[in-house]
Amino acid sequence: MGMDADKIQKNFDDQALQYDETILKLIPKYAEQNQFLLELIPFPTDKELKVLDLGCGTGVLSYLILQKFPESTLHAFDLSENMIDKSKELLINFEGRVSFQQGDCTQDLMGEDYDLIITSLALHHLTDPEREGVYQEIFDCLAPGGFFVNRDVLIGETEELTRLYQKKWREFVSANGEDDAYWFKRHLEYDQPSSLLQQLNWLRAAGFCDVDCFWKYYGYAIFGGTKGDCHLPDDNQS
Ligand SMILES: C[S@@+](CC[C@H](N)C(=O)[O-])C[C@H]1O[C@@H](n2cnc3c(N)ncnc32)[C@H](O)[C@@H]1O
């Protein structure tokens, strides 16, 4: 397991039951981001996609993908046993199309030949070297033409920007009736985000092409890339 994996695992085991309610109050535009993530997936809805949801949590994104892509199969992977249990409940109607694995993405094999790997709000729990290593692992787990997308929290490219993102985040949390001082303390204790440019560079170094940030709002971003042989939609063919 990674350096703090036991602590992170316990944190999410404890949070699993109330996660779906709390996350809406903690992540600005969470539902809007989910819809954007879904629209971003550059494959026709009737394609037999093989999907990995890395850090699936309660299975919210897995659910949306399995619903939108009826021929897809999905591997739901997470460090927390309780999160896996919650995702099993949510994904019960997709039996036969979904598999589950409790594991640590810095240590365990996650499968191979995926067309799509999605990870959301998970990798900021890793250290920088772990995150860089996991990007390489993700690249290796994708099939040629595969697409990777990550939605995560960031630090800014400067300390001033980090402070701005933190201020805006605390305002959002507080406006939702949550104790922003409490959540900020937890953020500092449990999260180790890196900057967007740093991560785009790691993705390019891992071999990804078409690397870009597709959506951004202060310290939240949706970014990723393709594994060669690009499948991004071509306007001239539509
Ligand atoms: C904030 S939740 C996000 C859940 C879901 N993807 C979402 O967008 O709502 C982060 C998840 O990442 C998982 N996670 C954290 N570190 C991990 C690791 N090293 N390997 C696998 N999963 C991890 C946690 O257990 C937790 O369920």
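The paragraphs below set out a description of the structure included in this document. It should be emphasised that the depicted structure is a prediction, and the values quoted were computed from it without experimental measurement. (Residues numbered from 1 in each chain as written. Predicted model: local features only at pLDDT ≥ 70, side-chain atom pairs only at ≥ 80, totals over all residues. Heavy atoms only, no water.)

Taken together, the buried positions of helix 5 (residues 81–90) are occupied by Met 83, Ile 84, Lys 86 and Ser 87. Within helix 5, the buried residues cover an arc of 160° as seen down the axis, which keeps them to one side. For helix 5, the elements touching its buried residues are helix 1 (5–15), helix 2 (19–26), strand 2 (73–78) and strand 3 (98–102). (Buried < 20%, exposed > 50% of the residue type's maximum accessible area, 1.4 Å probe, protein only. Helix = DSSP H or I, 4+ residues; strand = E, 2+ residues; numbered from the N terminus. Arc of directions from axis to C-beta. Contact = heavy atoms within 4.5 Å.)

Formed by 44 residues in total, the largest nonpolar core has its most connected members in Ile 41 and Ile 65. Excluding anything up to four places from it in sequence, Ile 65 contacts Leu 38, Ile 41, Val 51, Ser 72, Leu 74, Leu 116 and Ile 118. Of all hydrophobic cores here, the second largest spans 27 residues; its members include Tyr 114, Leu 126, Phe 208 and Cys 213. (Core = buried A, V, L, I, M, F, W, Y, C linked by side-chain atoms within 4.5 Å.)

A word on the pairing of strand 3. Pairing analysis gives 5 bridges linking strand 2 to strand 3, with the strands arranged parallel. Bridge pairing in strand 3 links Ala 76 to Phe 100. Crossover connection from strand 2 via helix 5 to parallel strand 3: handedness right-handed. (Pairing = 2+ DSSP bridges. Right-handed = clockwise from strand over helix to strand, strands pointing away.)

Let's shift gears to the sheet that holds strand 3. Taken in spatial order, the 7 strands of this open sheet run 3-2-1-4-5-7-6, and their pairing is mixed. Pairing within the sheet leaves two strands with one partner each, and these edge strands are strand 3 and strand 6 (209–217). Going across the sheet, the axis of each strand differs from the next one's by a mean of 15°, ignoring polarity. The sheet contacts of helix 9 (residues 196–206) involve strand 5 (142–153), strand 6 and strand 7 (220–226), and relative to strand 6 the element is tilted by about 160°. (Axes fitted to C-alpha atoms, helices over the stretch in contact; angles between N-to-C directions.)

The next point concerns the site of the ligand. Around the ligand, a shell composed of 21 residues is seen, among which Tyr 19, Tyr 30, Gly 55, Asp 78 and Ser 120 lie nearest. Within the side chain of Asp 78, an N or O atom sits 2.5 Å from an oxygen atom of the ligand. The contact in question runs from a nitrogen atom of the ligand to an N or O atom on the backbone of Cys 105, over 3.0 Å. Look at the ligand: alone it shows 600 Å² of surface, and the protein chains cover 97% of it. Put simply, the parts of the chain that give the shell around the ligand at least two residues each are helix 1 and strand 2. (Near = heavy atom within 4 Å. Polar contact = N/O pair within 3.5 Å; in protein donor to acceptor, adjacent residues only side chain to side chain. Areas by Shrake-Rupley, 256 points an atom, 1.4 Å probe, with all protein chains shown as cover.)

Quick look at the packing of helix 7 (residues 159–175) against helix 8 (residues 180–190) now. Orientation of helix 7 relative to helix 8, taken along the N-to-C sense of each, is 135°, at an axis distance of 9 Å. The angle between helix 7 and helix 8 falls in the class oblique. As helix 7 runs across helix 8, the sense of the crossing is right-handed. Residue-level contacts link Gln 166, Trp 169, Arg 170, Val 173 and Ser 174 of helix 7 to Asp 180, Ala 181, Trp 183, Phe 184 and His 187 of helix 8. (Parallel < 35°, antiparallel > 145°, perpendicular 65-115°, else oblique. Left-handed = near helix turned anticlockwise from the far one by under 90°.)

So, on to the environment of Tyr 190. If you trace the backbone, Tyr 190 turns up in helix 8. Taking the relative accessible area as the measure of exposure, Tyr 190 reaches 16% and is therefore buried.

Turning to the environment of Gly 146, a few remarks are in order. The topology assignment puts Gly 146 in strand 5. For the pair Gly 146 and Leu 116, spaced 30 residues apart in the sequence, the C-alpha separation amounts to 5.6 Å. Those residues within four positions of Gly 146 in sequence are excluded, and the remaining contacts are Tyr 114, Asp 115, Gly 225, Thr 226 and Lys 227.

This structure, assessed with the given rule, holds 9 salt bridges. One salt bridge connects Lys 10 with Asp 14, and the closest N-O pair in it is separated by 2.7 Å. Taken as a pair, Lys 10 and Asp 14 lie in helix 1 at a separation of 4 residues, close to a single helical turn. Of the charged contacts in the structure, one is a salt bridge between Glu 160 and Arg 163, with a shortest N-O distance of 3.9 Å. Note that Glu 160 and Arg 163 are positioned in helix 7 at a spacing of 3 residues, about one turn of the helix. Among the residues examined, Glu 160 registers a relative accessible area of 54% and is labelled exposed. With a relative accessible area of 48%, Arg 163 lands in the partly exposed category. The network of salt bridges with shared partners includes Lys 167, Lys 168 and Glu 171. (Salt bridge = Lys/Arg side-chain N within 4 Å of Asp/Glu carboxyl O.)

Everything listed is a geometric property; what it means functionally is a separate question.
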